[in-house]
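Residue-level structure breakdown
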Amino acid sequence: MARVTVEDCIDKVENRFELVLIAAHRARMISSGSPLTIERDNDKNPVVALREIAEQTVSPEDMKEDLIHSLQKFVEVDEPETEAVPVVPSANQHQVTQVNNVDDSAVEFDRMSEEDLLRGLEGLVPPERTDDV
């Protein structure tokens, strides 16, 4: 690699090992068809990648994150946590402070199991169906 280009990049990416990894990843991206952010000037892909880093047309932090994501084999999926079901406040607890803003200080949260919820739903009677629709 061109020594002058590497020395231009050291103040952007302090660790030379990271610089090599990021530049190699960017060079592979260029080889696979990623658009260039600078003129090629008859340079090969690794030199173009280093020049892009030196001229800050690509973000080294973004390239580092992209490299990490490209190497991951298992992506952790955040599962939704079990949320507490809010208790419906009584009529005297419900206060509206403005036209569209509801005062949340009166809302109480209570833990309810799925079985309790299903038992409560079994007692509900569905509304009568009208054939006007």
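Residues numbered from 1 in each chain as written. Predicted model: local features only at pLDDT ≥ 70, side-chain atom pairs only at ≥ 80, totals over all residues. Heavy atoms only, no water.

Next up on the list: a negative patch on the surface. On the surface, a cluster of negative charge is contributed by Glu61, Asp62, Glu65 and Asp66. Along the chain, the position of Glu65 falls in helix 4 (residues 60–71). Classification of Glu65 by relative accessible area gives partly exposed; the value is 42%. (Patch = residues over 30% accessible without salt bridge, like charges linked within 9 Å, V, L, I, M, F, W, Y side chains within 5 Å. Areas by Shrake-Rupley, 256 points an atom, 1.4 Å probe, with all protein chains shown as cover. Salt bridge = Lys/Arg side-chain N within 4 Å of Asp/Glu carboxyl O. Lys, Arg positive; Asp, Glu negative; His and termini not counted. Charge placed at Lys NZ, Arg CZ, Asp CG, Glu CD. Helix = DSSP H or I, 4+ residues; strand = E, 2+ residues; numbered from the N terminus. Buried < 20%, exposed > 50% of the residue type's maximum accessible area, 1.4 Å probe, protein only.)

Taken residue by residue, the protein chain gives an average pLDDT of 79. The fraction at 70 or more is 72%. Of all the helices and strands in the protein chain, strand 1 (residues 85–87) carries the lowest mean pLDDT, 60, while helix 2 (residues 16–31) carries the highest, 93. (pLDDT = per-residue confidence, 0-100.)

Turning our eyes to something else, we now look at the pattern of salt bridges. Throughout the structure, instances matching the rule amount to 6 salt bridges. Among the salt bridges present, the one from Asp11 reaches Lys12, with a minimum N-O distance of 3.3 Å. Residue Arg51 is joined to Asp41 by a salt bridge in which the shortest nitrogen-to-oxygen separation is 3.2 Å. Of the two residues, Arg51 sits in helix 3 (residues 45–54) while Asp41 sits in the loop between helix 2 and helix 3, which places them 10 residues apart along the sequence. Judged by its relative accessible area of 15%, Arg51 falls in the buried class. What emerges from the salt-bridge pattern is a single network uniting Asp41, Asp43 and Arg51.

Below, the discussion takes up the nonpolar core. Ranked by internal contacts, the top residues of the largest apolar core, which has 16 residues, are Cys9, Leu19, Leu50 and Ile53. When residues of this core are traced back to their parent elements, those giving at least two are helix 1 (3–9), helix 2 and helix 3. With residues up to four places along the chain from it excluded, the contact list for Leu19 reads Val6, Cys9, Ile10, Val13, Leu50 and Ile53. (Core = buried A, V, L, I, M, F, W, Y, C linked by side-chain atoms within 4.5 Å. Contact = heavy atoms within 4.5 Å.)

Let's shift gears to helix 2. For helix 2, which comprises 16 residues, the first-to-last C-alpha distance of 22 Å matches the rise-based estimate of 22 Å (1.5 Å per residue) to within 8%. Residues of helix 2 that are buried: Leu19, Ile22, Ala23, His25, Arg26, Ala27 and Ile30. A side-chain oxygen of the first residue of helix 2 lies 2.9 Å from the backbone nitrogen of Phe17; this N-cap is Asn15. At the exit of helix 2 stands Gly33, carrying a positive phi of roughly 110°. (Expected span 1.5 Å × (residues − 1). Polar contact = N/O pair within 3.5 Å; in protein donor to acceptor, adjacent residues only side chain to side chain.)

Topologically, Leu21 is positioned in helix 2. For the pair Leu21 and Lys64, spaced 43 residues apart in sequence, the C-alpha to C-alpha distance is 8.3 Å.

Secondary-structure assignment places Ala49 in helix 3. The exposure class assigned to Ala49 is buried, which follows from its relative accessible area of 0%. It is 8.6 Å that separates the C-alpha atoms of Ala49 and Ile22, two residues lying 27 residues apart in sequence. Dropping the residues within four chain positions of it, Ala49 is found in contact with Ala23, Arg26, Ala27 and Ile30.

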